[in-house]
Amino acid sequence: MSSEQFLNIENTLFTAAMVIYLAAMVLYFAFLVLKKQAPGKIADGLTLVAFICHTVALVTRGIGAGRLPMTNQYEFATSFAWGICLCYLIFLWRYKFRALGAFVTPVIFLIIGYAAMQSRDVRELMPALRSNWLGIHVASAIISYGAFGVAFAVSLVFLLHTRMENGSFMKEHIPDREKLDMISYRAISLGFMFLTFVMISGAIWAERAWGSYWSWDPKETWSLITWIIYAIYLHLRISKGWKGKSAAIFAVVGFICVIFTYIGVNTLLPGVHSYA
């Protein structure tokens, strides 16, 4: 098949994934509102189907473009949404926390919706992007941001926990505050580990591409701010046993910084990462 055919397939799969994510989101809401198992089980299945479509879309995009699909706003946004879904499915499998889907799928849908509004043109790579570090650096960012997205959703559940109806259905499907706090902590730990690798690989790549490990580019600066926020969270958690509402709020603020680092910086603060 030609590159154009692969890109047409990618476009179809991307659209299908977005529609299925939307359907899963609606069913997760129905699961919580109606307190029925069936919508939740169907939503789990649809989320997995959407993830598979999304994965194949990224693969066909890469084949059609002849490179890793991680080099512009559209490609990173759709990969960002994919990373959140991947981390959500891992945590769903690990903790059987189906109700979390009602909080994660809206985030996935908003980010993939943002991707849909970006240009999907395939352009030749800039010289700075022609490096083996591209896949390592950006893939680490996708997993990192995905884990932070899950931590954000879990923290929202934590903050809303006392306002939720205290019935048997909610007790069965929503963990207590202590377990929610622990799940958020583990997601942030995973995200922080990968974000640290993002910073290190980015510095090495920058030195090879521009001759400097650090140039205080807006995206570098905001990535550092985000890293510091999560580093403070982990430091207080480990050394002071910090938990509860303040920790959950910190996790929410951290993810807001993640979103600004990606969307806000690219839109408002042009720099050497403006193409990303």
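Keep in mind that this is a model prediction, so the values were computed, not measured.

A.B. asks: With reference to specific residues and values, describe the overall build of the protein chain.
C.D. replies: Helix and strand counts for the protein chain stand at nine helices and zero strands. Ordered by position from the N terminus, the helices and strands of the protein chain form the series α-α-α-α-α-α-α-α-α. For a compact globule of 276 residues, the expected C-alpha radius of gyration is about 19 Å, and the protein chain comes in at 19 Å, within 12% of that figure. When burial is assessed residue by residue, the protein chain has 53% of its 276 residues classed as buried. Considering only intrachain contacts with a sequence separation of at least 6, the fraction spanning at least 24 residues in the protein chain is 80%. Element-wise, carbon and sulfur atoms account for 67% of the exposed surface of the protein chain, whose accessible area totals about 12800 Å². When the 22 basic and 14 acidic side-chain charges of the protein chain are each reduced to a single mean position, those positions are 9 Å apart.

A.B. asks: Which residues make up the nonpolar core, and what values do they have?
C.D. replies: If you look at the biggest cluster of nonpolar residues, it comprises 80 residues, and the most contacted ones within it are F80, L100 and F255. Excluding anything up to four places from it in sequence, F255 contacts F80, I84, V107, Y145, F148, G149, F152 and Y230.

A.B. asks: Go over the packing of aromatic side chains with me, naming the residues and quoting the values.
C.D. replies: For the structure on display, the rule yields 14 aromatic pairs. A centroid spacing of 6.0 Å and a plane angle of 85 degrees characterise the contact between F76 and Y145, whose relative ring orientation is edge-to-face. Taken together, the residues span a long stretch of sequence, with F76 in helix α3 (residues 73–95) and Y145 in helix α5 (residues 133–160) at a distance of 69 residues. A relative accessible area of 8% places Y145 in the buried class. Taking 6.1 Å as the distance between ring centres and 65 degrees as the angle between the ring planes, the aromatic pair formed by Y233 and W242 counts as edge-to-face. An aromatic cluster is built from F76, F80, Y145, F152 and F255, whose rings are joined through pairwise contacts. The side chain of R177 reaches across the aromatic face of F158, ending 4.1 Å from its centre. In this structure, R237 packs its charged tip against the face of Y185, placed 4.4 Å from the ring centre.

A.B. asks: Quick one: what's the story with a nonpolar patch on the surface, residue by residue and with numbers?
C.D. replies: A surface patch of nonpolar side chains, about 240 Å² in accessible area, is lined by L48, I52 and V56. Inspection of the secondary structure puts I52 in helix α2 (residues 37–65). Residue classification places I52 among the partly exposed residues on the basis of a relative accessible area of 46%.

About the criteria used
- Residues numbered from 1 in each chain as written.
- Predicted model: local features only at pLDDT ≥ 70, side-chain atom pairs only at ≥ 80, totals over all residues.
- Heavy atoms only, no water.
- Helix = DSSP H or I, 4+ residues; strand = E, 2+ residues; numbered from the N terminus.
- Rg over C-alpha atoms; globule rule 2.2 N^0.38 Å.
- Buried < 20%, exposed > 50% of the residue type's maximum accessible area, 1.4 Å probe, protein only.
- Contact = heavy atoms within 4.5 Å.
- Areas by Shrake-Rupley, 256 points an atom, 1.4 Å probe, with all protein chains shown as cover.
- Lys, Arg positive; Asp, Glu negative; His and termini not counted.
- Charge placed at Lys NZ, Arg CZ, Asp CG, Glu CD.
- Core = buried A, V, L, I, M, F, W, Y, C linked by side-chain atoms within 4.5 Å.
- Phe/Tyr/Trp six-rings, centres within 6.5 Å; stacked < 30°, edge-to-face > 60°.
- Lys NZ or Arg CZ within 6 Å of the ring centre and 35° of its normal.
- Patch = residues over 30% accessible without salt bridge, like charges linked within 9 Å, V, L, I, M, F, W, Y side chains within 5 Å.
- Salt bridge = Lys/Arg side-chain N within 4 Å of Asp/Glu carboxyl O.

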